[in-house]
Amino acid sequence: MPRTLMLAALLAGAAHAEPLTVFAAASLTDAFTELGRAFDARTGHRTTFQFAGSQTLRAQLEGGARADVIASANAAQYDPLVRAGLVEPARTFARNRLILIAPRRSARVQTLADLARPGVRLVLADRSVPVGDYARRMLSAIDASGTYGRDFSARVLRNVVSEEPNVRQVALKVQLGEADAAVVYATDLTPALKGSVRAVALPSRFNQTATYPLGAVRNAGAPNAARQFVQYVLSPDGQRILRKWGFLSPQ
Amino acid sequence: MTGRSAPPAVLLAFAALLTVFLLLPTAVLLLRGLTPAFLPALASPAVLDALRVSLSTTLCTLAVTLLFGTPVAYLLARHRFPGRALLDTTLDLPVVLPPVVAGVALLLTFGRQGLLGAPLTLAGISVAFSPLAVVLAQLFTSAPFYIRAAKIGFSAIDRDIEAAALIDGATRRRAFRHVTWPLAFPFLLEGLVLAWARALGEFGATILFAGSLQGRTRTITLSIYAALESDLAPALVLSAVMVIVAFTLLLVVRLVTARRQDTDHA
């Protein structure tokens, strides 16, 4: 009898297990990979992720890509999807801050002001990528303050050698030592990166706060699992994993 | 002799299906790209920059390919030496290697932290993120196409004609310039056109090794990729341009091949 019950429970579990596809901003790669494993272990669903720049994910969803959940690194790439009726209204699940990173072996960039020095090779994300947008907002804020001169951002932008398609590609260029500095999220300084990259302090009055919206895709293939995933991300367990990877709480 | 009779309907049906599959997306792309907004979009800085970067880098790539590829192809076609098979295989490797792997390899070799990074930096040369990196990425992925075609060209020439020229008192150099080169030329041109098409379409190695910066390293393909995520119009215009260029290049190859076969049979 207990055996039959166990079998029934297993079958019921299997019947509810759904393959779940989550589109997530590249900066969420490590945190969501761990979060997804914990979610699968608890629910029995099979979650697969596609990590890319939020603007890529948005373009793909608009192009008809199948996904169940989308997590973006800014509202600018998420809200148009809501207006187009493609995804549910957003739930904010995390926040992030910018940092400046430089190769550990190079001393060329020690402070924020060094970014404007001629010959410094800076890599940013493209302006359509959330972190690229936040980085340019930060430069505008610095210009407005006048601390480093009104033309600071113009001088910095002259040093940009590449505008990359997502934040992990930006970080990679510093990790490989090809760039002297880059603007990424605080969470991108992962344990894997800390060996080769050091953080350069950014004055907090210029720093920008990235806000991450999340929601289920309308007409999702796995609507139940999608809803459960959104709830899990917002739950204390999900939040604990996000904090572990350096994300700030939504409020 | 088969092929003179009317082709079977089933073969025609397969051919038609495959043709529609290939033509339909291309036609849709052209229809979306070639709107009245085509010319204004073509004149936009992003599109002009991409065209300029692609044109200048691919022309450099072609020049280097011609300069170094021709002797190598001649060597492989005309001489037997130890390690020839190895050299032949190595030169073909980029044809089957994924371009992004080529990008990693180039970065680990010519990057600042790469194998040759320190001496290059001392010499004041910084390769990554420069138009030079775009050229190297294109060279790596496209030169084998030229070398293959040129090798076939040099092998196809009747050695007796060259021998006759030498007997008539021509020096080796003059025999090459006036006999070998003209006879091989259609093959070389075909190889060059194929290499150019491949260089124009290069994406994976370029974005990894050269980065993507408008007006400097952002080629047509990188520009299409970047534009797709913000403003569709330039992406469609550049895509339409690529379709037209690709078709023209293929047409040139066909015409060259046709001329070559005519002269072969003459």
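Residues numbered from 1 in each chain as written. Chains lettered and ligands numbered in written order. Predicted model: local features only at pLDDT ≥ 70, side-chain atom pairs only at ≥ 80, totals over all residues. Heavy atoms only, no water.

Labelled according to an unreviewed UniProt entry, chain B appears under the name Molybdenum transport system permease, originating from Deinococcus maricopensis. In its Sequence similarities (unreviewed entry) section, the UniProt record describing chain B reads: "Belongs to the binding-protein-dependent transport system permease family. CysTW subfamily." According to UniProt, the comment filed for chain B under the heading Subunit (unreviewed entry) is "The complex is composed of two ATP-binding proteins (CysA), two transmembrane proteins (CysT and CysW) and a solute-binding protein (CysP)." (UniProt positions renumbered as here; feature names shortened; annotations may be inferred.)

Per an unreviewed UniProt entry, chain A is named Molybdenum ABC transporter, periplasmic molybdate-binding protein, and its organism is Deinococcus maricopensis. Listed in UniProt under the heading Sequence similarities (unreviewed entry), the comment for chain A reads: "Belongs to the bacterial solute-binding protein ModA family."

Let us now look at the domain arrangement of chain A. A common way to state how big an interface is: give the accessible area lost once the parts meet. Residue and element names in this part refer to chain A. Parsing chain A into structural domains produces domain 1 (3-95 + 212-244) and domain 2 (97-200). Using only C-alpha atoms to locate each centre, domain 1 and domain 2 end up separated by 30 Å. In this complex, domain 1 contributes 12 residues to the contact, which on the side of domain 2 involves 13 residues. For the domain 1 and domain 2 pair, buried surface summed over both sides reaches about 890 Å², with 49% attributable to carbon and sulfur atoms. Here domain 1 and domain 2 share 1 salt bridge between them. When the shortest N-O distance is used, the salt bridge between R168 and D30 registers 2.6 Å. Our count for the domain 1 to domain 2 interface comes out at 5 residue pairs in polar contact (both at pLDDT 80 or more). Taken together, the residues of the side of domain 1 that touches domain 2 break down into 4 nonpolar, 7 polar and 1 charged. (Domains from an automatic or database assignment. Contact = heavy atoms within 4.5 Å. Buried area = accessible area lost by both parts, 1.4 Å probe. Salt bridge = Lys/Arg side-chain N within 4 Å of Asp/Glu carboxyl O. Polar contact = N/O pair within 3.5 Å; in protein donor to acceptor, adjacent residues only side chain to side chain. Nonpolar A, V, L, I, M, F, W, Y, C, P; charged D, E, K, R; others polar.)

All names here are of chain A. As recorded in UniProt, the sites labelled "binding site: molybdate" (unreviewed entry) are S27, S54, V167 and Y185. Their sequence span is 159 residues, while the largest C-alpha to C-alpha distance among them is just 13.9 Å; these annotated residues converge on one region. Structurally, the position occupied by S54 is in helix α3 (residues 54-62). Residue S54 is classed as buried on the basis of its relative accessible area of 4%. Filtering out sequence-adjacent residues up to four positions away, S54 remains in contact with A25, S72, A73, Q77 and P130. (Helix = DSSP H or I, 4+ residues; strand = E, 2+ residues; numbered from the N terminus. Buried < 20%, exposed > 50% of the residue type's maximum accessible area, 1.4 Å probe, protein only.)

Another aspect to go through is the environment of D168 of chain B. Residue and element names in this part refer to chain B. Tracing the backbone shows D168 in the loop between α8 (159-167) and α9 (172-201). D168 gets classed as exposed once you look at its relative accessible area, which sits at 67%. Residues D168 and L87, spaced 81 residues apart in sequence, show a C-alpha to C-alpha distance of 34 Å.

Turning next to the UniProt feature "transmembrane region" (unreviewed entry) in chain B. All names here are of chain B. Residues annotated by UniProt as "transmembrane region" (unreviewed entry) correspond here to residues 55-77, 89-110, 122-147, 179-199 and 232-253. Annotated as 100% helix and 0% strand, the span residues 55-77 places its first and last C-alpha atoms 31 Å apart. For residues 89-110, the end-to-end C-alpha separation is 23 Å, with 91% helix and 0% strand making up the annotated structure.

This paragraph deals with the interface of chain A and chain B. With 23 residues of chain A in contact, the opposing surface of chain B contributes 17 residues. Roughly 1700 Å² is buried in total at the junction of chain A and chain B, and carbon and sulfur atoms are behind 48% of that figure. Of all residues in chain A, R121, V161 and E178 of chain A give up the largest surface area on contact with chain B, accounting jointly for 30% of the area buried on that side. Taken together, the links from chain A to chain B amount to 3 salt bridges. As a salt-bridge pair, D126 of chain A and R218 of chain B come within 2.9 Å of each other at their nearest N and O atoms. At the junction of chain A with chain B, the criterion picks out 10 residue pairs in polar contact (both at pLDDT 80 or more). Breaking the side of chain A that touches chain B down by element, the ones donating at least two residues are α3, β6 (160-164) and α7 (167-175) of chain A.

Moving on to the UniProt feature "domain: ABC transmembrane type-1" (unreviewed entry) in chain B. The feature "domain: ABC transmembrane type-1" (unreviewed entry), as given by UniProt, occupies residues 51-253 of chain B in the numbering adopted here. From the first C-alpha to the last, residues 51-253 of chain B spans 22 Å; its make-up is 79% helix and 0% strand.

Turning our attention to the nonpolar core. The biggest cluster of nonpolar side chains holds 85 residues, and the ones touching the most others in it are L28, F32, F93 and Y212 of chain A. Counting residues per element, this core draws most heavily on strand β4 (residues 91-103) of chain A, which supplies 7 residues. Viewed by domain, this core spans two of them, domain 1 (3-95 + 212-244) and domain 2 (97-200) of chain A, each represented by three or more residues. In this view, F32 of chain A contacts V22, A24, F49, F51, A71, F93, F229, V233 and L242 of chain A; residues no more than four positions away in its chain are not counted. Formed by 17 residues, the second largest nonpolar core is a distinct cluster that contains I220, A235, M242 and L249 of chain B. (Core = buried A, V, L, I, M, F, W, Y, C linked by side-chain atoms within 4.5 Å.)

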